[in-house]
Amino acid sequence: MCVMELTMKTKIVYSEKCLSYGTWHIEGPQRVKIASEILKAKGYEFVEPTPASEDALLTVHDAEYLWNLKKGTVEDPDTPAYENIYEFAKLSAGGALLASKINGFSLMRPPGHHAGRNGAALGVYTRGFCYANNMAIAVKKLGKRMLILDIDGHHGNGTQEIFQGDEKIIYVSLHQSPNYPGTGSFTEGNCINFTLPANCGGKLYLETLDKALGALDLSKFEAMGVSCGFDTHLGDLATLGLIEQDYFNIGKRIASLGKPAFFVLEGGYVGENVGMDIDNLLMGYEEKR
Ligand SMILES: [Zn+2]
């Protein structure tokens, strides 16, 4: 048996059902469809999620917000009230829940980290393409002391709002500033924020990630969830000038913490890049694990 066969490859959590809405939007089906095709061609094993229950969503969101989401009455300039969006949001949350159980990677949409308890979070006026906070729902369900590492290029204002002051959770975000949503410019208690200038490049990014993770007390958390956005990729919506090799190094750094991890897709709007970046991140993660 060769060495490759002994390495457990991270499974991809994915359902084609998430492709059937919002074809005109930048947060559209192509980004995950193309990424899924790349990962399939590379031999990843895929598993299908089932929708999260309403009770699971209620651990994070207020009933009134969910009711309005279900009725299709919540809309903002970034985040349309698509038909049946509540069902798509539940399935995407189900993807995060399954990923958290099997230490997999949820390649589902819609994303979640801008969604706070009642929708738009921390005074931001849109939900930034997000409906339910997938990562927060999975973390609540696990009920463990957790590190949430948010490597999307935007600050996860929803995740910060939900876990601000929660003693079981450490939230760490690296994001471009200035940019949407405008929050996360400083550290507040258990929510540790690092801002980076547009196109700062992989060297500064990885130095900052080292600083962020190096300062953590590893005894404070049992496992980690990674809010994985790839809009930090060169040329994307929150570009930090990162290229494929940088995601390999990010994956290695995540593995070096020595904790069980799962991954949930956030942003990243060029499907080819999303697929290649996920592959690189997971290769780096698995090499070091
Ligand atoms: Zn983003």
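Every residue gets a number counted from 1 within its own chain, in the order that chain's sequence is written. With the structure being a predicted model, the display of local features is reserved for residues of pLDDT at least 70 and the display and counting of side-chain atom pairs for 80 or more, all residues being used for whole-chain, interface and lining totals. Water and hydrogen atoms play no part in the side-chain values, which are based on all heavy atoms of the structure.

## What to know about the pattern of salt bridges
Line of reasoning, step 1. Note on definitions: salt bridges are taken to be side-chain nitrogens of Lys or Arg within 4 Å of carboxyl oxygens of Asp or Glu. For the structure shown, the criterion picks out 12 salt bridges.
Line of reasoning, step 2. As a salt-bridge pair, R109 and E27 come within 2.8 Å of each other at their nearest N and O atoms. In this pair, R109 is assigned in the loop between β3 (105-106) and β4 (115-116) and E27 in the loop between β1 (12-13) and α2 (29-41), connecting sequence segments 82 residues apart. This pair shows no difference in class: R109 is buried, exactly as E27 is.
Line of reasoning, step 3. The salt bridge partner of K90 is E87, with a shortest N-O separation of 3.9 Å. Within this pair, K90 and its partner E87 are both found in helix α5 (residues 85-102), separated by three residues, close to a single helical turn. Secondary structure elements follow DSSP: runs of H or I of four or more residues count as helices, runs of E of two or more count as strands, with numbering from the N terminus. To sort residues, take the accessible area from a 1.4 Å probe on protein chains only and compare it with the maximum for the residue type: under 20% means buried, over 50% means exposed, and anything in between is partly exposed.

## Describing the coordination of the zinc ion
Line of reasoning, step 1. The protein atoms donating to the zinc ion are D152 (OD), D152 (OD), H154 (ND1) and D231 (OD), with metal-donor distances spanning 1.9 to 2.8 Å.
Line of reasoning, step 2. In this analysis a donor is any N, O or S atom within 2.8 Å of a metal ion (3.2 Å for sodium, potassium and calcium), and since water is not included, sites may seem incomplete. Only two sets of limits are used to name each site, 85 to 135 degrees for every angle of a tetrahedral four-donor site, and over 155 degrees for opposite donors with all other angles from 65 to 115 for a square planar four-donor or octahedral six-donor site, with any other site named irregular. Around the zinc ion sit four donor atoms; with metal-centred angles ranging over 52 to 157°, the donor geometry is irregular.
Line of reasoning, step 3. Within one chain, the residues donating to the zinc ion are spaced in sequence as D-x1-H-x76-D. Here D231 lies in the loop between β9 (223-228) and α9 (244-255) and D152 lies in the loop between β6 (146-150) and α7 (157-163), a separation of 79 residues in the sequence.
Line of reasoning, step 4. We classify D231 as buried; its relative accessible area is 1%.

## What about the sheet that holds strand β7 (residues 169-176)?
Line of reasoning, step 1. Strand order in the open sheet made by the eight strands is β2-β1-β3-β10-β9-β6-β7-β8, with parallel pairing throughout. If you trace the sheet from one side to the other, it starts and ends with β2 (46-47) and β8 (191-196), each paired once.
Line of reasoning, step 2. Summarising the sheet, β9 and strand β10 (residues 261-265) pair through five bridges and their orientation is parallel. Across the sheet, the residue bridging to S227 is V264, located in β10.
Line of reasoning, step 3. Throughout, a residue-residue contact means that at least one pair of heavy atoms, one from each residue, lies within 4.5 Å. In this description, a line fitted to the C-alpha atoms serves as the axis of each element, helices being fitted only across the stretch in contact, and the angle between N-to-C directions of two axes falls anywhere from 0 to 180 degrees. On the sheet, helix α10 (residues 271-288) packs against β1, β3, β9 and β10 and is oriented at approximately 175° with respect to β10. Two strands make a pair as long as DSSP finds a minimum of two bridges between them.

## Points about helix α8 (residues 202-214)
Line of reasoning, step 1. The end-to-end C-alpha distance of α8, which contains 13 residues, comes to 17 Å, matching closely the 18 Å that a straight helix rising 1.5 Å per residue would cover.
Line of reasoning, step 2. Three or more residues of α8 are buried, namely G202, Y205, L206, T208, L209, A212 and L213. End-on view of α8: buried residues confined to an arc of 160°, all on one side of the axis. Among the exposed residues of α8, those pointing more than 90 degrees away from its buried face are K203, K211 and G214.
Line of reasoning, step 3. On its buried face, α8 sits against β6, β7, β8 and α9. The length a helix should cover is 1.5 Å for every residue beyond the first. The reported arc concerns the directions from the helix axis to the C-beta atoms and nothing else.

Read these as spatial facts, not as claims about activity.
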